Structures are given as C-alpha cells and as structure tokens.
4 protein chains.
Amino acid sequence: MLTGIIKDGVHRLDLRVYYEDTDFSGVVYHANYLKYCERARSDFIRLLNINQNQLFGAEDGFAFAIRRMTCEFIKPARFDDVLTVESVPGEMTGVRFFMQQRVVRGADVLFTAEAMAVLIDGQGRPKRIPSALVEAFLSVKS
Amino acid sequence: MLTGIIKDGVHRLDLRVYYEDTDFSGVVYHANYLKYCERARSDFIRLLNINQNQLFGAEDGFAFAIRRMTCEFIKPARFDDVLTVESVPGEMTGVRFFMQQRVVRGADVLFTAEAMAVLIDGQGRPKRIPSALVEAFLSVKS
Amino acid sequence: MLTGIIKDGVHRLDLRVYYEDTDFSGVVYHANYLKYCERARSDFIRLLNINQNQLFGAEDGFAFAIRRMTCEFIKPARFDDVLTVESVPGEMTGVRFFMQQRVVRGADVLFTAEAMAVLIDGQGRPKRIPSALVEAFLSVKS
Amino acid sequence: MLTGIIKDGVHRLDLRVYYEDTDFSGVVYHANYLKYCERARSDFIRLLNINQNQLFGAEDGFAFAIRRMTCEFIKPARFDDVLTVESVPGEMTGVRFFMQQRVVRGADVLFTAEAMAVLIDGQGRPKRIPSALVEAFLSVKS
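Residues numbered from 1 in each chain as written. Chains lettered and ligands numbered in written order. Predicted model: local features only at pLDDT ≥ 70, side-chain atom pairs only at ≥ 80, totals over all residues. Heavy atoms only, no water.

1. Things to note about the overall build of chain A
Step number 1: Per the secondary structure count, chain A includes three helices and six strands.
Step number 2: Listing the helices and strands of chain A from first to last along the sequence gives β-β-α-α-β-β-β-β-α.
Step number 3: Taken over 142 residues, chain A has a buried fraction of 56%.
Step number 4: Here the analysis covers contacts within chain A between residues at least 6 apart in sequence; of these, 66% occur between residues at least 24 apart.
Step number 5: Of the roughly 6300 Å² that chain A leaves accessible, carbon and sulfur atoms contribute 50%. (Helix = DSSP H or I, 4+ residues; strand = E, 2+ residues; numbered from the N terminus. Buried < 20%, exposed > 50% of the residue type's maximum accessible area, 1.4 Å probe, protein only. Contact = heavy atoms within 4.5 Å. Areas by Shrake-Rupley, 256 points an atom, 1.4 Å probe, with all protein chains shown as cover.)

2. Section: the environment of C37 of chain A
Residue and element names in this part refer to chain A.
Step number 1: By secondary structure assignment, the location of C37 is in helix 1 (residues 32-48).
Step number 2: Between the C-alpha atoms of C37 and F97, which are 60 residues apart in sequence, the distance is 15 Å.
Step number 3: The residues contacting C37, other than those within four sequence positions of it, are M69, V85, Q101 and F111.

3. So, the relation of the copies chain A and chain B
Between the two copies of the chain lies a relationship made up of a rotation around an axis and a movement along it.
Step number 1: The two copies are related by a screw motion: chain A maps onto chain B through a turn of 180 degrees and a shift of 0.0 Å along the axis, at an RMSD of 0.0 Å. The two molecules are tied by a two-fold rotation axis, judged by turn and shift.
Step number 2: Comparing contact sets, 95% of the residues at the interface of chain A also lie at the interface in chain B, consistent with an isologous, same-surface contact. (Least-squares fit on C-alpha atoms with pLDDT ≥ 70 in both.)

4. A closer look at the packing of aromatic side chains
Step number 1: All chains considered together, the criterion is met by 40 aromatic pairs over all chains.
Step number 2: On the basis of an interplanar angle of 40 degrees and a centroid distance of 4.9 Å, the ring pair of F24 of chain A and Y19 of chain C is categorised as tilted. Taken as a pair, F24 of chain A in the loop between strand 2 (10-16) and helix 1 and Y19 of chain C in the loop between strand 2 (10-16) and helix 1 (32-48) lie in two separate chains rather than in one.
Step number 3: On the basis of an interplanar angle of 55 degrees and a centroid distance of 5.2 Å, the ring pair of F73 of chain D and F111 of chain D is categorised as tilted. Of this pair, F73 of chain D sits in strand 3 (residues 62-73) while F111 of chain D is found in strand 6 (residues 108-121), placing the two residues 38 residues apart along the sequence.
Step number 4: Given the relative accessible area of 7%, F73 of chain D is considered buried.
Step number 5: For F111 of chain D, a relative accessible area of 0% gives the class buried. (Phe/Tyr/Trp six-rings, centres within 6.5 Å; stacked < 30°, edge-to-face > 60°.)

5. Points about the sheet that holds strand 2 (residues 10-16) of chain B
Step number 1: Read across the sheet, twelve strands follow the order 1(B)-2(B)-4(B)-5(B)-6(B)-3(B)-3(C)-6(C)-5(C)-4(C)-2(C)-1(C) without closing on themselves; strand pairing throughout is antiparallel. Of all strands in the sheet, those bounded by a partner on one side alone are strand 1 (5-7) of chain B together with strand 1 (5-7) of chain C. The average undirected angle you get between the axes of adjacent strands in this sheet is 30 degrees.
Step number 2: Pairing of strand 3 (residues 62-73) of chain B with strand 6 (residues 108-121) of chain B, which is carried by eleven bridges, proceeds in the antiparallel orientation. Note on strand 6 of chain B: the bridge partner recorded for F62 of chain B is D121 of chain B. (Pairing = 2+ DSSP bridges. Axes fitted to C-alpha atoms, helices over the stretch in contact; angles between N-to-C directions.)

6. Notes on the state of the cysteines
Step number 1: For the structure shown, the criterion picks out zero disulfides over all chains.
Step number 2: C71 of chain A carries a free sulfur, and the closest cysteine sulfur to it, the one in C71 of chain D, is 5.0 Å from it. (Disulfide = S-S within 2.5 Å.)

7. Focus on the interface of chain A and chain B
Step number 1: Contact residues are listed per partner, giving 20 residues for chain A and 19 residues for chain B.
Step number 2: On the chain A side of the interface with chain B, the three residues burying the most area are L2, Y18 and E20 of chain A, jointly 35% of the side's total.
Step number 3: Run the count over chain A and chain B and you get four salt bridges.
Step number 4: D80 of chain B is the partner of R46 of chain A in a salt bridge, and the nearest nitrogen-oxygen pair spans 2.2 Å.
Step number 5: Counting only elements with at least two residues in the side of chain A that touches chain B, the list comes to strand 2, helix 1 and strand 3 (62-73) of chain A.
Step number 6: If you tally residues by element for the side of chain A that touches chain B, the top one is helix 1 of chain A, at six residues.
Step number 7: Looking at the side of chain A that touches chain B residue by residue, the classes come out as nine nonpolar, two polar and nine charged. (Buried area = accessible area lost by both parts, 1.4 Å probe. Salt bridge = Lys/Arg side-chain N within 4 Å of Asp/Glu carboxyl O. Nonpolar A, V, L, I, M, F, W, Y, C, P; charged D, E, K, R; others polar.)

8. Topic: the interface of chain C and chain A
Step number 1: Chain C puts nine residues into the contact, and the matching count from chain A is nine residues.
Step number 2: Together chain C and chain A conceal approximately 890 Å² of surface at their shared face, both sides included; 76% is due to carbon and sulfur atoms.
Step number 3: The three residues of chain C that bury the most area against chain A are Y19, F24 and Y29 of chain C, which together make up 61% of that side's buried surface.
Step number 4: If you look at where chain C meets chain A, you find zero salt bridges.
Step number 5: At the boundary of chain C with chain A, the tally comes to four residue pairs in polar contact (both at pLDDT 80 or more).
Step number 6: In terms of residue class, the side of chain C that touches chain A is made up of four nonpolar, three polar and two charged. (Polar contact = N/O pair within 3.5 Å; in protein donor to acceptor, adjacent residues only side chain to side chain.)

9. Focus: helix 3 (residues 131-141) of chain B
Residue and element names in this part refer to chain B.
Step number 1: Among the residues making up helix 3, those that are buried are L133, A136, F137 and V140. Seen along its axis, helix 3 keeps its buried residues to an arc of 90 degrees; they face one direction. Seen from the open side of helix 3, the exposed residues pointing more than 90 degrees away from its buried face are S131 and E135. (Arc of directions from axis to C-beta.)

10. Observations concerning the relation of the copies chain C and chain A
Step number 1: Here chain C sits on chain A after a turn of 180 degrees about the axis and a move of 0.0 Å along it, with an RMSD of 0.0 Å.
Step number 2: Taken together, the interface assignments show that 100% of the residues at the interface of chain C recur at the interface of chain A, consistent with an identical surface on both copies.

This is a description of form; function is not addressed.
Right, dumping it as structure tokens:
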C-alpha cells in the first residue's frame, strides 16, 4: 500500500531501490536513507491525520521540521532491493517530537536513526504540539 | 503494488509525491519526472523479466541506456499527489527501443515523454535486442 | 567562478561530478543532466539580472518554467569529472523562450538539449517576457 | 575554486543553492546537507591526494564509507544562497576516521555534523588507514 500500514505501534512503508537511489560504488547513496525516513514520516502522519483538519482547525499552517538526526549506516542496500522503513514514535515534550526509524531488508537491519523534530508554524516558529496530535501518536503506541 | 501492473498494453505505476520531489516554487522539480519514468521502465522490465535468465542466458550483462528523451511538461504536480506513470512500448529496431510515457493525476495529463533507449552490454557497447525480449514486449501490446 | 561566465554569446558553468550524481551503472544518472542545465540557466539569468529589479519593477513575481526539453544523451560522464554546461539563448517569441544547452568534458560533447521555457507569474500564468529582458538576452548574443 | 581550499586546518568549499536543493516548504531539503558534506569530503581528499598513488601504491581499491553521522539542522538555507562547507579532520583510530563538518552562510551556522567513516576495500571490508594518509590529514591540522 502506497502510504504504509500501522500495526503494533510501528508504521511500516515498503519501497523499491531504483537507479536514482544508488551511486557508482554500487550501493544506495547514504543521504538517501534520510529521504526514505522522510517518506515514512510523511506517510505515518498522513495515516494519522484522517482528522487533521479537526486536529488543527483554523491553525492549519504547520509542519514538522527535523532539528537533529543521529544516523547509523550498518549494511548497504542495492538496486532492485525492496526495503521497509519502520517508524516508532517516541517522546513528545512541548514542541519536540522524537521518532525511532530503521530501514530493514527482511531480517537485515541496514540503517537506524533517531530523529528529533519540532512543529513549526507558517513563519518557521516553533509551535506547541496540539494535545490532539499527542493523543493520536500515543494511540499508536498503546 | 510496488512494481505496477500491465494491462491492455500499458504498464501503470502509482507513486506518491514527497518533500524530496518538490522545489521552492511549490511544485515537482522538472527533472524528477524523468526519475518517475525511469522507475516505471525498471518496473516494467522487471515484470516482463520473470524469465529474464531464460531470455538472456549466459549473456547476462545488459542494461538499457537512454539515448534520447523528448519531454513535455504540461501541468504541475504537488506534494502529496498520487501520480500514475503510464508506459507503452513502441517500435524496436535492431539496437533501438522506443517507449511512450506519461505521468497523469487522475484524468489530468501532467507530463509526456518519448524515450529512445539502446541495449548495452557490460562494456557500454550497443547490443542487438534479443528476439525473446522483442517478443516479450510485443506480447504486452497484443 | 560560482555562477559561470558569459563570453562570445555563451554562458559557461563548470561543475564537478560527485557521488550523488552517479548511479550503480558507474556513470552520471541521466536525469542529472537536466539538473546541470537548470543550474546553468539559473546562473545565466543571475548574471544578466544585475538589474533585475529595474527590469521587473513592482511585478517581481516571475519565474521561468520549462515546458519542453529535447535531450540527447551522447557519452557518459563519471565520478570526479569536471564538466562544463554551455548555454546559448535562442528565439524569444511573446511568452516563449528557447535555449540551446550542452554538457561537455573538454572537447567531448556528452549531452545536448533544447529547452523551451515560458515566463510565469506568481499564480503560474504565462506572462509576456518584458522587453528589457529580451534586450538583456539579445545583448549576450551580439 | 571548484575543489575548495585548505587553510588553517580547515577545508572550505563554497556552493550555490539551486532549485533542485529546495523543497516546497521554501528551504533546502534536510537530506541535501549530507550531500553538501559529502561533496566537501570528496574535494578535501582530492586536495590531499595529489600523491594518492604514492599513498596507496598497489592497494588502490579503497573508499571511505560513512558509518555514523550526527546532524544538527539549525537554520534554513534558501534558493540562491551561497553556502560554505567547513570540514575539520578529527581523530583517526585504526579503521575509523572522524570529521567535524558545518555549513555556514557568512556568520550564520546552518548545519553541523560529526561524521564517522571507515576505509573499505573494493569488497566492502574495513581496511586499516595507511599511515601516509594519517600523516596527510595530520599535516592539515598542524
């Protein structure tokens, strides 16, 4: 499914490695794992936000911006591989929001990351995470 | 489905527009339509090549390389859009292979291209398209 | 120089091929030549537009959008290569603007393209090219 | 200069932000800072490796592979900005090699990272960093 699935507290998104993802060393270019994780976060939020309009009401100008990302590149992925991005929401404190992510190929863990994002408004200013959104993420974990 | 489907002579691949695909003008960056088309060609060939090993036998070192591409950028796509890449195989003459491709969003045609590729061997030399591959593509059209 | 130079009617921009530009086939990924051409167009216009504010006055919301691009991929480029993008402005007719571009490595021509762009306003509507801009481009050619 | 300069123990590479680097939020897409840092590392090593053949002799099949990267995204960059990637070599221990990198725009620090790389051979196996390379990096710091 295009936007992945949420099950047992984990969002899972399958994706294919294409030519564009690799470099001449023969494997996936390292920065592209961050793209894969971003696709997964976008899809995760999309799946939660069936009621996004209710959550945010008139204050619709919001976005998550990554502030810190700690990345471990463990094993290489190659052209034609089908990978899965697994995302687990972590702590949420005021304006900060943590997410554990990893990219796996079957049983092999290729990449792990901890992302710390903040919610920002249309002018780029940090914005308190609405309690309804906190609850949506918490509901995934329970 | 991750690799698209072939039906009525057309290969169709659905894909999602993510942050990485857009630029600050608010729409999909023009060169990314070529990436979308390449994903579709890769998937199309993958679907045909269930018997790739039979098709190519020991001569496994082959790849399609794009030699010419004529692109029309008709309407913009935006973040979160679900697009479909439609690919129709065209003429095959010796070493040349033509494909008509377009990117649509529902009934809207956003992008069209005619791609001309050649088959090359591991050393980058043009290589005659094996008759079994010609037949595989022709079987799609009939 | 970061933005290239204009000489004898040609804008020339040097650039380096990095890991990110290549794919696992060992050469520059085809869609990246369109990125190189776009960098050159941006720099070309930047060099012309020392007086951009004068040219456009209050009507500042404008951008060039590519409508058609015909691309020939002639020879491959590789990691570490230094390439030059050469851009020559072509015909301008009302809202349309043509540019011939090619990517060379020394005496080798690797890629050629003819790009057709339109000027659009902030709402994406085609906009007549101001005579001052037409003259700026014509001055390059003479 | 295309490959940057080394001065006072710091490699500095200037680069321009193009359309391709931004996303629809109006600023540089976060993963692209990792591309900028990789360009700088490639150029840094190129500048050191005027004697690369002497350094590595017959064992020429080597590459640096990123194993860990800790990234802080501090302020956004925008289209047309000229950025500078600053790279400072850190500790080298056996097969590991650390580098501090940051992306600045004038006096503003936009991005910082600590990268940990390993030297790998043509088969992807970690490889002891040759003493001549250690010395080349140390000579930059002194």
